[in-house]
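Chain by chain, the residues:
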Amino acid sequence: MKKKIHVVALLLIVVFILLAVGVYIGTDLKSSILPLDEGWTVSMDGEELGTTSTDLSLRDICKDVKEGDTVILRMTLPETERTEYPAMLFRTRYCAYEIFLEGRLVCRGGYERLGKEKYVGKEYHLISLPEHFGGKEMEIHLMAEAAKDRQMVSDMYLGDYEDLENSFTHRMMLPLTIGAFLVVYGLFFFLVTLVVFVDLREFGVHGFAALLCFSMGVMLHLYLGLDALYMDTSNSTTFGYLAMWMVIPISMQMVYRIPGMLHTSYYRLVEALCDSVMAVTALLHFIGAVHFNDSIGMLFVVGAVSYVLVLLDFAYNRKQGELSSSAHIYLVAVVWCITWLLCSGVYLSMISRGAIRVTPTQSFAGIVGFCIGPMLFGYYMLVNYLFNATNSYAKEREYASLTRLAYSDGLTNLPNRSKLDAYLDQLEEKKMDYCIISMDVNGLKKVNDTYGHVAGDMLLKDFAGVLSEAMESVTEGICGRIGGDEFMIVLDRGGKEDKVLQKIDEGMEALNIKGEHPWTYSVASGSATRNECLKSTMTDIVHATYLLADQRMYEMKREQHGRMNHGQL
């Protein structure tokens, strides 16, 4: 079963990746869209620094940019296919920008957020251009907010507004879909845990797993700038980093709350220190002292410490040999999650500092790689959900089977003596009036001796069917087989016993008229109510009521025997 669950979940992930890659490969840039990463003349403080080309990017040229410096990019815009709504798509990175066309200001942004009090992060911009822009000179003025990222502007395209928007959506389809899935998945299962899980420890691991899915989905959307498609992006970088910062504390809390885990003595101490460091760095960002992108190294340090701690805890619990399959899945998911976060962080930092140059194809590969972590974490959570669901279903079936064996009569499938006693005890606790009808099927021994025990079993089954049909005429009550040829009915309130007994007589009469068997169906019965036995000298009212009903049943049986020949059925 475990292998089947893994195979199903893995196939879903593989199909998902192939579909996303197929969408990307099948989406070419339309002829109206032109990339603008090359051909910019770069200058700063009146000094020309160079011209961007295939071998020389803006990051290579801007090596000595400091916070507050203004970099100017100039280009004569090329002629393109005539479009009704010309536009330009670009992404700024930790800088304010102004765009001029033939000396006329087209748009600006980010200047109001420069300084320590506010934060300029990474944002995508899709701006409209004048209809006749070909052959005109464009200038982009960039004022650096942080000196650590020299890219400043990237992903520049020129073309029709709608084409640019559609192209961006298709190019980002994989992270867009995975991020949306994780956000919805995380929120849904967090709400489910609030309703389903009463035990705080069990709620903790499921709740933190849901929060981790949510955080990874938010990070995927905001860090890659996908929120530009549907919301204001001025604070997207802040919340993207905040979601990234939350991954490690949530992972640590999740590991601590896995049922059955035996933690080392230092786990809580180191976990508290890691959580405190992450909280302090987040606080420093919001007060404007040290921004997230300047403290990324601290994320690596805390992540590495957490990674080692979780691995040691994992090894310690495996040595004890007490981990459940669900705990294994959760631990593997957390280990993978932190591994992905560290590797992705190192890779993105190297790109940001110019240590790695990325081509468009490599850029897509990087996006896929950045999506693999959240996607596989979602895979592990899906596996765990399927595993728990199948286990729960198997346990429910086993419980139902055991309950049936404990409280059901094997021959007639009616409730047995234990079920009837438990039902009566519940009524007695409520001090409710109830009626007990004791019944004895006539002639069972004669049928067994004459036609065999198979025929006797058939007699009992037929009577059980009549009894069940009769009970459909009342809404509150239960019937069952006590043993042998003895049956019992318990009605929650008295007054309906005559109606039930009449239905039983009618049912048996119908069987006798059919004449399918060589015996006659008849039953002796006696009834008693709880209120009749309240003045009994017996302390057990239930037993006193049953004895009174049984006594009346035997009186009726003696009357029946007096009226008929014992050899006839």
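Heads up: the structure comes first, above all this text.
The sections below set out a description of the structure shown in this document. (Residues numbered from 1 in each chain as written. Predicted model: local features only at pLDDT ≥ 70, side-chain atom pairs only at ≥ 80, totals over all residues. Heavy atoms only, no water.)

Moving on, we get to the packing of helix 6 (residues 236-256) against helix 8 (residues 296-320). At their nearest, the axes of helix 6 and helix 8 sit 11 Å apart, and the two run at 20 degrees to each other. With respect to helix 8, the axis of helix 6 lies roughly parallel. Note on packing geometry: the crossing formed by helix 6 with helix 8 is left-handed. Taken together, the residues of helix 8 that come into contact with helix 6 (itself represented by Tyr 241, Met 244, Trp 245, Ile 248, Met 252 and Val 255) are Ile 296, Leu 299, Val 302, Gly 303, Ser 306, Leu 309, Val 310 and Asp 313. Class assignment of the residues belonging to the contact of helix 6 with helix 8 gives a composition of 11 nonpolar, 2 polar and 1 charged. (Axes fitted to C-alpha atoms, helices over the stretch in contact; angles between N-to-C directions. Helix = DSSP H or I, 4+ residues; strand = E, 2+ residues; numbered from the N terminus. Parallel < 35°, antiparallel > 145°, perpendicular 65-115°, else oblique. Left-handed = near helix turned anticlockwise from the far one by under 90°. Contact = heavy atoms within 4.5 Å. Nonpolar A, V, L, I, M, F, W, Y, C, P; charged D, E, K, R; others polar.)

Another point: helix 13 (residues 453-471). Helix length check: helix 13, at 19 residues, gives a terminal C-alpha distance of 27 Å against a target of 27 Å (1.5 Å per residue), a fit within 8%. For helix 13, every residue scored as buried is listed here: Ala 455, Gly 456, Leu 459, Leu 460, Phe 463, Ala 464, Val 466, Leu 467, Ala 470 and Met 471. (Expected span 1.5 Å × (residues − 1). Buried < 20%, exposed > 50% of the residue type's maximum accessible area, 1.4 Å probe, protein only.)

We now examine the sheet that holds strand 9 (residues 137-144). In space, the 6 strands of this open sheet follow the order 3-2-4-9-6-7, with antiparallel pairing throughout. Strands at the two margins of the open sheet, each flanked by one partner only, are strand 3 (47-51) and strand 7 (104-109). For this sheet, the mean inter-axis angle between neighbouring strands, taken without regard to orientation, is 20 degrees. One ladder, built from 4 bridges, connects strand 2 (residues 41-44) with strand 4 (residues 70-76); its direction is antiparallel. Of the residues in strand 4, the one forming a bridge with Val 42 is Leu 73. (Pairing = 2+ DSSP bridges.)

On to the nonpolar core, then. Formed by 73 residues in total, the largest nonpolar core has its most connected members in Tyr 241, Met 244 and Met 381. Composition of this core by domain shows at least three residues from each of domain 1 (2-28 + 172-397) and domain 2 (35-168). In terms of nonpolar packing, the next biggest core, distinct from the first, is built from 30 residues, Leu 58, Leu 77, Cys 95 and Ile 140 among them. (Core = buried A, V, L, I, M, F, W, Y, C linked by side-chain atoms within 4.5 Å. Domains from an automatic or database assignment.)

This brings us to the side chain of Ser 295. As for its position among the elements, Ser 295 is in the loop between helix 7 (267-286) and helix 8. Its relative accessible area of 9% is what places Ser 295 among the buried residues. Setting aside its immediate chain neighbours within four residues, Ser 295 contacts Trp 245, Thr 281 and Val 290.

This brings us to unusual backbone geometry. With the exception of glycine, most residues fall at negative phi, and the peptide bonds are largely trans. With phi around 65 degrees, Asn 413 is a residue other than glycine that occupies positive phi space. Within the chain, Lys 431 stands out as a residue other than glycine whose phi angle is a positive 60 degrees. Within the secondary structure layout, Lys 431 lies in the loop between helix 11 (417-429) and strand 11 (435-441).

With that settled, the discussion passes to the pattern of salt bridges. Throughout the structure, instances matching the rule amount to 8 salt bridges. Asp 409 is the salt-bridge partner of Arg 481, the closest N and O atoms lying 3.3 Å from each other. A residue pair is termed long-range when its members are at least 10 positions apart, and Arg 481 in strand 12 (residues 477-483) and Asp 409 in the loop between helix 10 (360-407) and helix 11 qualify at 72 residues. Classification of Asp 409 as buried rests on a relative accessible area of 13%. Across the salt bridge formed by Arg 552 and Glu 532, the nearest N and O atoms sit 2.8 Å from each other. On the criterion of sequence distance, the pair formed by Arg 552 in helix 15 (residues 541-563) and Glu 532 in the loop between strand 14 (523-529) and helix 15 is long-range, its members being 20 residues apart. Judged by its relative accessible area of 30%, Arg 552 is partly exposed. (Salt bridge = Lys/Arg side-chain N within 4 Å of Asp/Glu carboxyl O.)

For the structure on display, the rule yields 12 aromatic pairs. When the ring of Phe 463 is compared with that of Phe 487, the centres are 4.9 Å apart and the planes differ by 70 degrees; the resulting orientation is edge-to-face. Of this pair, Phe 463 sits in helix 13 while Phe 487 is found in strand 13 (residues 486-491), placing the two residues 24 residues apart along the sequence. For the pair Phe 463 and Phe 487, a shared accessibility class is recorded, and that class is buried. Through successive ring pairs, a cluster of aromatic residues spans Phe 181, Tyr 185, Phe 188 and Phe 189. Over the ring of Tyr 546 we find Arg 417, and its NZ or CZ is 5.4 Å from the ring centre. (Phe/Tyr/Trp six-rings, centres within 6.5 Å; stacked < 30°, edge-to-face > 60°. Lys NZ or Arg CZ within 6 Å of the ring centre and 35° of its normal.)

This paragraph deals with the packing of helix 7 against helix 8. Between helix 7 and helix 8, whose axes approach to 10 Å, the crossing angle comes to 160 degrees. Viewed along their axes, helix 7 and helix 8 adopt a mutual orientation that is roughly antiparallel. Considering only the axes of helix 7 and helix 8, their crossing is left-handed. Contacts from Tyr 267, Val 270, Glu 271, Cys 274, Val 277, Met 278 and Thr 281 in helix 7 reach Met 298, Leu 299, Val 302, Val 305, Ser 306, Leu 309 and Asp 313 in helix 8.

As for its placement among the helices and strands, Gly 110 is situated in the loop between strand 7 and strand 8 (122-128). Taking the C-alpha atoms as reference points, Gly 110 and Glu 98, separated by 12 residues in sequence, lie 8.9 Å from one another. Among all residues touching Gly 110, those that are not within four sequence positions of it are Ala 96 and Val 120.

A word on the pairing of strand 11. Across the 7 residues that make up strand 11, a large majority, 7, are buried. By the alternation rule, side chains of strand 11 split into Cys 435, Ile 437, Met 439 and Val 441 and Ile 436, Ser 438 and Asp 440, which are all buried. In the sheet, strand 11 pairs with strand 14 via 7 bridges, with the strands oriented antiparallel. Its bridge partner lying in strand 14, Cys 435 is registered against Thr 529.

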